[in-house]
Amino acid sequence: MPKWGLTMTEGTVVRWLVEEGAELESGDEVVEVESEKINNAVESPAAGVLRRRVAREGEVIPVGGLLGVIADPSVPDAEIDAFVEEFQSTFVPEEAGEAVGPQPQSVEVAGRSIRYLRMGEGEPPLLLIHGFGGDMNIFVFNQETLSADRTVYALDLPGHGGSSKDVGAGDLDFFVSVVGGFMDALGIERSHLVGHSMGGAVAGAFALAHPERVASLVLIASAGLGEEINAGYIEGFTAANRRREMRDALRMLFADPELVTRDLVNDLLAYKRLDGVEEALRTVAGRLFPGGRQARVLDLLGVQAPILAVWGSEDRIIPAAHAENLPGGARVEIIEGKGHMVHMEAAGEVNRLIADFVG
């Protein structure tokens, strides 16, 4: 059972996607798991044959617990049975509340506290920038994987997550200055930038303003490439203060609305009720999306760094057709059947695209 997010201690097996005896390649989706925030598929970590489906559908398994066994066909059944028995008898789940792995930190940028999470080692680093109403947790399926061979930072922009709720002017120039100040504070001279939605517009604007500091630019369902945006979502999320309202808004983000869990809805409602959040969101929405349109469309022809754009074909927030407005040399990947949160809905595929692109 993987650990998706700092607070996850267990997951529920929703359904197996393959039968015992299936031949698997590394990266194949094997079993669907429901975490506290969202459902996602666990991918095979290696090539081989699924010899045992240990966890039953509907069973709650602690993080690190055994879901199944992949092995070569030549391994005798008795060895598989012995492995499962030994694992189950010696496995000790982490205790609830136990701090495992990297924990969020904070740094001061222009008088504002900015929360961030750092994983991995290696240069140049990669910086993950979330979208409107999000925070570092939207990269829960991406950051750890991408940190296998480099340092990866995820930050909460002002007005979001655990950062200061002061958003200043609330426009792109403000957020660009925050990203620059964050990099300065941590001694990051040059970085790969990965931006989702509004974060894509921030990353693109930063690349135009500071080309020497950008190693590459990855835009996921990015804002800033056209005027159209789902005004109903922006207003619905900003105004939502009840479970049904928040649930209905969040379901627009996914091709499969059933991926939205009760805990995800409750967490975002708790965030919305923090002092200063609604005012911050309304300021940002008013500056970036006035009248239900995007106020600033970026001309990225001036960006010298390589550009990768990733979109879900079923994005209901920002049309995938906006990728057509990128420079001719940009690489564009449209993932069929996925929505605005394509990096969560197709995490494995998106992670492989990013890792291959940044090298």
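Since the model is a prediction, treat every value here as computed from it, not as a measurement.

Along the protein chain, the regular secondary structure elements total 10 helices and 15 strands. Its C-alpha atoms give the protein chain a radius of gyration of 21 Å, near enough to 21 Å, the size a compact globule of 359 residues would have. The principal-axis extents of the C-alpha atoms in the protein chain amount to approximately 65 × 45 × 35 Å. When burial is assessed residue by residue, the protein chain has 52% of its 359 residues classed as buried. The long-range fraction of contacts in the protein chain, counting pairs at least 24 apart against all pairs at least 6 apart in sequence, stands at 67%. As presented, the protein chain carries roughly 15600 Å² of accessible surface, and 47% of it is formed by carbon and sulfur atoms. Between the centroid of the 30 positive side chains of the protein chain and the centroid of its 56 negative side chains there is a distance of 7 Å.

The next subject is the sheet that holds strand β1 (residues 10-16). The strand order across the open sheet formed by 4 strands is β4-β3-β1-β6, and the pairing between neighbours is antiparallel. Edge positions in the open sheet fall to β4 (39-43) and β6 (60-62), since each of these has one partner strand only. Along the sheet, successive strands turn relative to each other by an average axial angle of 45°, direction set aside. Looking at chain direction, β1 and strand β3 (residues 29-34) are connected through 4 bridges and run antiparallel.

Turning to the packing of helix α6 (residues 243-251) against helix α7 (residues 262-272), a few remarks are in order. Put simply, α6 and α7 touch, their axes get as near as 9 Å, and they point 110° apart. What the angle tells us is that α6 and α7 run roughly perpendicular. α6 and α7 meet at a crossing whose hand is right-handed. Each of Arg 243, Met 246, Arg 247 and Leu 250 in α6 lies in contact with α7, whose residues at this interface are Arg 262, Leu 264, Val 265, Asn 266, Leu 268, Leu 269 and Lys 272.

Taken across its 6 residues, strand β5 (residues 48-53) has 5 buried, putting it largely inside the fold. Direction of pairing for strand β2 (residues 23-24) relative to β5: antiparallel, over a ladder of 2 bridges. Each residue of the ladder has a partner; that of Glu 23, found in β5, is Val 49. Both β5 and strand β7 (residues 68-71) contribute to a ladder of 4 bridges, which runs antiparallel. By the bridge assignment, Arg 53 is partnered in β7 with Gly 68.

As a further point, take the packing of aromatic side chains. Throughout the structure, instances matching the rule amount to 9 aromatic pairs. Aromatic side chains Phe 87 and Phe 91 sit 5.4 Å apart centroid to centroid with 15° between the ring planes, which places their arrangement in the stacked category. Judged by relative accessible area, Phe 91 falls into the partly exposed class, the value being 24%. Through successive ring pairs, a cluster of aromatic residues spans Phe 132, Tyr 233, Phe 237 and Phe 289. Across the ring face of Phe 237, the terminal group of Lys 272 is positioned such that the distance to the ring centre comes to 5.4 Å.

With that settled, consider the sheet that holds β2. One open sheet holds the 3 strands; their spatial order is β2-β5-β7, and the pairing between them is antiparallel. The open sheet has two edge strands with one neighbour each: β2 and β7.

Moving on, we come to unusual backbone geometry. Between Glu 123 and Pro 124 the backbone carries a cis peptide bond, its omega angle lying at -10°. In this structure, Pro 124 sits in the loop between β9 (112-119) and β10 (126-129). Despite not being glycine, Ser 197 has its phi angle at roughly 55°, a positive value. Relative to the helices and strands, Ser 197 resides in the loop between β12 (191-196) and α4 (198-209). Taking the relative accessible area as the measure of exposure, Ser 197 reaches 10% and is therefore buried.

Calculation rules
- Residues numbered from 1 in each chain as written.
- Predicted model: local features only at pLDDT ≥ 70, side-chain atom pairs only at ≥ 80, totals over all residues.
- Heavy atoms only, no water.
- Helix = DSSP H or I, 4+ residues; strand = E, 2+ residues; numbered from the N terminus.
- Rg over C-alpha atoms; globule rule 2.2 N^0.38 Å.
- Buried < 20%, exposed > 50% of the residue type's maximum accessible area, 1.4 Å probe, protein only.
- Contact = heavy atoms within 4.5 Å.
- Areas by Shrake-Rupley, 256 points an atom, 1.4 Å probe, with all protein chains shown as cover.
- Lys, Arg positive; Asp, Glu negative; His and termini not counted.
- Charge placed at Lys NZ, Arg CZ, Asp CG, Glu CD.
- Pairing = 2+ DSSP bridges.
- Axes fitted to C-alpha atoms, helices over the stretch in contact; angles between N-to-C directions.
- Parallel < 35°, antiparallel > 145°, perpendicular 65-115°, else oblique.
- Left-handed = near helix turned anticlockwise from the far one by under 90°.
- Phe/Tyr/Trp six-rings, centres within 6.5 Å; stacked < 30°, edge-to-face > 60°.
- Lys NZ or Arg CZ within 6 Å of the ring centre and 35° of its normal.

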